[in-house]
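Take a look at the letters that make up each chain.
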Amino acid sequence: LVCCVGEASCDSYKCPDNMVHKEASECPGGECVCAGANCTEADESTCCQSKATCSELLCPHTMFRLEPPGNCRGKTCSNDDIHTCCKNKAECSNLTCPVGWKHREADIFCANDTCTE
């Protein structure tokens, strides 16, 4: 068409690091498009949405959540984000017990990655 230009797809817009592209089903008409022939910063809210924060993810009992919580890779957290959001707890067996004390029989983990007592 001589007089018209197509709208740019949101796929051509680079979302900021703390955001991800919206899925087509989340956009009007099932297609995420920018306002003009090229996507600009003004199209960010049309094309992108915030990533979920790690505070939404439950770490396994052998791990603790990193603080401050970062972001998951998508708009929701999944098990794929565990190593982004959580860190392994230290095992009590790594702590030297004081004289007169001994390690418990069970595998016990400290509160974070360093055992202090």
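Values in this document were obtained by computation on a predicted structure and should not be read as measured data.

Draft legend 1. Examining the overall build of the protein chain more closely. What the protein chain contains, in helices and strands, is two helices and four strands. Listing each helix as α and each strand as β along the protein chain from the N terminus yields β-α-β-β-α-β. Projected onto its principal axes, the C-alpha positions of the protein chain cover 90 × 20 × 15 Å. Taking all 117 residues of the protein chain together, the buried fraction comes to 26%. For the protein chain, restricting intrachain contacts to residue pairs at least 6 apart in sequence, the fraction spanning at least 24 positions comes to 51%. Looking at the protein chain as shown, the accessible area adds up to about 8500 Å², and 51% of this sits on carbon and sulfur atoms.

Draft legend 2. Main features of the state of the cysteines. All chains considered together, the criterion is met by seven disulfides. Across a sulfur-sulfur distance of 1.8 Å, Cys27 and Cys32 are joined as a disulfide pair. Torsion about the S-S bond of the Cys27 and Cys32 cystine: about 85°, corresponding to right-handed handedness. Summarising the burial analysis for this pair, Cys27 and Cys32 share the class buried.

Draft legend 3. Highlighting the nonpolar core. The biggest cluster of nonpolar side chains holds eleven residues, and these are Ala8, Cys10, Tyr13, Cys15, Met19, Cys27, Cys32, Cys34, Cys39, Cys47 and Cys48. When sequence neighbours within four positions are dropped, the list of residues in contact with Cys48 reads Tyr13, Cys15, Pro16, Met19, Val20, His21 and Lys22. One finds Ala52, Cys54, Cys59 and Ile82 within the second-largest nonpolar core, a separate group that totals ten residues.

So, how was this worked out
- Here the residue numbers are simple positions, counted from 1 along each chain's written sequence.
- Given that the model is predicted, a residue must reach a pLDDT of at least 70 before its local features are reported, and side-chain atom pairs must reach 80 or more before they are shown or counted; all residues, however, enter totals for whole chains, interfaces and linings.
- To get the side-chain values, all heavy atoms of the structure are used, and hydrogens and water are removed first.
- For the purposes of this entry, the term helix denotes a DSSP run of H or I that reaches at least four residues, the term strand denotes a run of E that reaches at least two, and both are numbered from the N terminus.
- Exposed residues in this analysis have more than 50% of their type's maximum accessible area, buried residues have under 20%, and partly exposed residues fall in between, with area computed by a 1.4 Å probe over protein chains only.
- Contacts were defined at the residue level, with two residues in contact if any of their heavy atoms lie within 4.5 Å.
- In this description, accessible areas are obtained by the Shrake-Rupley approach with a 1.4 Å probe, and a residue is regarded as covered only by the protein chains that are shown.
- The disulfide definition used here is simple: a pair of cysteine sulfur atoms within 2.5 Å.
- Among buried residues, the Ala, Val, Leu, Ile, Met, Phe, Trp, Tyr and Cys ones that are joined through side-chain atoms within 4.5 Å form a nonpolar core.

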